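# Understanding the architecture of this molecule
Residues per chain are reported as follows:
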Amino acid sequence: MRGLSRWLLIGFLLLSPSATFALSQSIQLFPTETEAQKHCPADVVVWVNTPTGIYHFKGMRWYGNTKNGAFICQKEGNAAGYRATLNGQ
């Protein structure tokens, strides 16, 4: 039974975006695009919806427009486990 509970925990962490992102606290979140660009001048700044871990590029519908989110550097976001939107919005 102990082995089963360990696999259930691993499955939960893999399937739960909030649990996964809670583990990666090393990423810097910025309230403005300008602050993020100063932090990573050679990288692309994206908007991440923090509860889902999905990020959007400038010009997309949800860039800077989700209820909970922040500007981040794309490379840092990728390293933290965030991903780009799949539907292009």
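Basis of the calculations
Residues numbered from 1 in each chain as written. Predicted model: local features only at pLDDT ≥ 70, side-chain atom pairs only at ≥ 80, totals over all residues. Heavy atoms only, no water. Helix = DSSP H or I, 4+ residues; strand = E, 2+ residues; numbered from the N terminus. Buried < 20%, exposed > 50% of the residue type's maximum accessible area, 1.4 Å probe, protein only. Polar contact = N/O pair within 3.5 Å; in protein donor to acceptor, adjacent residues only side chain to side chain. Pairing = 2+ DSSP bridges. Disulfide = S-S within 2.5 Å.

Glancing now at the side chain of Thr-66. Structurally, the position occupied by Thr-66 is in the loop between β2 (54-56) and β3 (69-73). For Thr-66, a relative accessible area of 14% corresponds to the buried category. Polar contacts involving the side chain of Thr-66 include one to the side chain of Trp-47, which spans 2.7 Å. Of the polar contacts made by the side chain of Thr-66, one reaches the backbone oxygen of Asn-68; its length is 3.2 Å.

On to the sheet that holds strand β4 (residues 83-84), then. Taken in spatial order, the four strands of this open sheet run β3-β1-β2-β4, and their pairing is mixed. Each edge of the open sheet is held by one strand with a lone partner, namely β3 and β4. Of the pairings in the sheet, the one linking strand β1 (residues 45-49) to β2 comprises three bridges and is antiparallel in character. If you follow Trp-47 over to β2, its bridge partner there is His-56.

Most of β3 is tucked away: four of the five residues are buried. Sheet analysis places β1 next to β3, joined by five bridges and oriented antiparallel. Considered in β3, the bridge of Trp-47 is made with Phe-71.

By definition, a disulfide links the sulfur atoms of two cysteine residues through a covalent bond. Scanning all chains against the criterion turns up one disulfide. Two residues, Cys-40 and Cys-73, share a disulfide whose sulfurs are 2.0 Å apart. Of note, the bridge from Cys-40 to Cys-73 carries an S-S torsion of about -95° and is left-handed in sense. Note that Cys-40 is positioned in the loop between α3 (33-39) and β1 and Cys-73 in strand β3, a separation of 33 residues in sequence. Residue Cys-73 is classed as buried on the basis of its relative accessible area of 1%.

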